[in-house]
Each structure stands twice: as C-alpha cells, then as structure tokens.
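Coordinates in review
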Amino acid sequence: MGEMVRFSVLCITACFAFTFIAQGSRVMASAAALVCMVVFLKYALEQGAFLTERIGVLLSASGMDIELIKPVLKVLGISLCAKVTCEICRDMGNGGLAGAVEVFAHISSLICMLPLLEEVLKLVGSI
Amino acid sequence: MDVDLIFKVAAVGILVAVLNQLLVRSGREEQAMMTTLAGLIVVMMMIIQQISQMFSLIKSTFGF
C-alpha cells in the first residue's frame, strides 16, 4: 500500500512539472512524460514479475497444462503494450495512430488465441 | 525505481523551456527551435536504454 501512495505522489508531482515545462516547450513536456511513464512502468513490471512466478506455482499445483495459460499471458502483454502506446499517441494528439495500434493489438491477440481454440475443438471432438 | 532519471529529465525540460521562452521573446525563433531539438535529443539518449529494458521486461514477464 505504501508503494502505491509513493507511486501516486510521484506521478502527481511529475504532472505539475510537465505542466510548467509545456508552457515553454510542448515537445520537452511530452518527452519528459514519456520518460516518467517508462520508469514507472518498469518499476511496476518488476513488482509484477513476482506475480507470474506465483501463477506458475499455482498452475503446477493444480495440475493444469501451462501451455494453456501462455496465450492468456501473451494477450495480457499485448494489451499492456497497446494500452501504453495508445495513451502516448493520444497524449501527443495522434488519435489515428492510436487507433491503428489498437487494431494491430486486436489482430495479434486473436492470433495468440488460436492454439486455445484448437485445444477446445479437440476436446469437443474427443467427447 | 530510477527517480533520479526523472529529475534529470525534468531539469533538462525546465532548462529548455526557459531558454525557449527567452529566445522566442528576443525574436530568435530558429535558435529556440534548435534548443528544443537539442534538448529532445539529450532526453531521448537518456531514455532509449530504459525503453529497451522495459520492453524486454514485458517480454520476459508475459512469456513472449
């Protein structure tokens, strides 16, 4: 909980600094916002690495095939990348580019889910 | 968390913003644009390493 509060305070402080920088140079404000986003996201992902380890342990305890979960994790990663990229594009005023990234993310996610669909069809066929 | 990187970039940003305003007010728009460009290049060189680390972290976390 303490980390979340520290995280929020740093984000709000950074936003005030960028508002000031944007008055002088919008380009620098965008660049500074990008830096903050990368640093914060990296920090959040490092905390998340523990999560994926625990998911692996739980899966092996439950006896489920880990290959079935990998597409879900991949789609999660694709959606994270798409979300971050779209917000950066929109911040800089490029809604069209954000839309293109979203379409590409949807297609990538569908491709990742195909193995699961095949598994389901095999399962249904074997009944 | 690399908080000092954020402060370095904020310092470069504030410096470029102030210089930009000074140069624009004194009628030197071209130098102002060059200053902003230089500041942007400096920030991008600072950040490029972090961006590659972030994406490799995403790859390793989500099993790409």
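Preceding this section is the structure that the text describes.
Here is what the cut-offs are and how they apply
Residues numbered from 1 in each chain as written. Chains lettered and ligands numbered in written order. Predicted model: local features only at pLDDT ≥ 70, side-chain atom pairs only at ≥ 80, totals over all residues. Heavy atoms only, no water. Helix = DSSP H or I, 4+ residues; strand = E, 2+ residues; numbered from the N terminus. Rg over C-alpha atoms; globule rule 2.2 N^0.38 Å. Contact = heavy atoms within 4.5 Å. Areas by Shrake-Rupley, 256 points an atom, 1.4 Å probe, with all protein chains shown as cover. Core = buried A, V, L, I, M, F, W, Y, C linked by side-chain atoms within 4.5 Å. Buried < 20%, exposed > 50% of the residue type's maximum accessible area, 1.4 Å probe, protein only. Buried area = accessible area lost by both parts, 1.4 Å probe. Salt bridge = Lys/Arg side-chain N within 4 Å of Asp/Glu carboxyl O. Polar contact = N/O pair within 3.5 Å; in protein donor to acceptor, adjacent residues only side chain to side chain. Nonpolar A, V, L, I, M, F, W, Y, C, P; charged D, E, K, R; others polar.

**Some thoughts on the overall build of chain A**
Counting its secondary structure elements, chain A contains 4 helices and 0 strands. When the helices and strands of chain A are placed in sequence order, the string is α-α-α-α. Its C-alpha atoms give chain A a radius of gyration of 20 Å, more than 25% over the compact-globule value 14 Å for 127 residues. Along the three orthogonal principal directions, the C-alpha set of chain A runs to about 65 × 40 × 15 Å. Sequence-distant contacts in chain A: of pairs separated by 6 or more residues, those separated by 24 or more amount to 58%. When the accessible surface of chain A is summed, it comes to about 8,000 Å², and 73% of that surface belongs to carbon and sulfur atoms.

**Quick word on the nonpolar core**
With 33 residues, the main nonpolar core has V35 and L45 of chain A together with V43 of chain B as its most contacted residues. Here this core gets 13 residues from one element, more than from any other, and that element is helix α2 (residues 26-62) of chain A.

**Let's talk about the interface of chain B and chain A**
Taken together, the contacts link 31 residues of chain B with 31 residues of chain A. At the boundary of chain B with chain A, total buried surface from both sides reaches about 2,900 Å², with 85% on carbon and sulfur atoms. On inspection of chain B and its partner chain A, the count reaches 0 salt bridges. For the pair chain B and chain A, the interface holds 3 residue pairs in polar contact (both at pLDDT 80 or more). Elements supplying a minimum of two residues to the side of chain B that touches chain A: α1 (3-25) and α2 (29-62) of chain B. Per-element tally for the side of chain B that touches chain A: the top contributor is α2 of chain B, with 15 residues. In the side of chain B that touches chain A, the residues fall into 21 nonpolar, 9 polar and 1 charged.

Function cannot be read off these values alone, since they describe shape.
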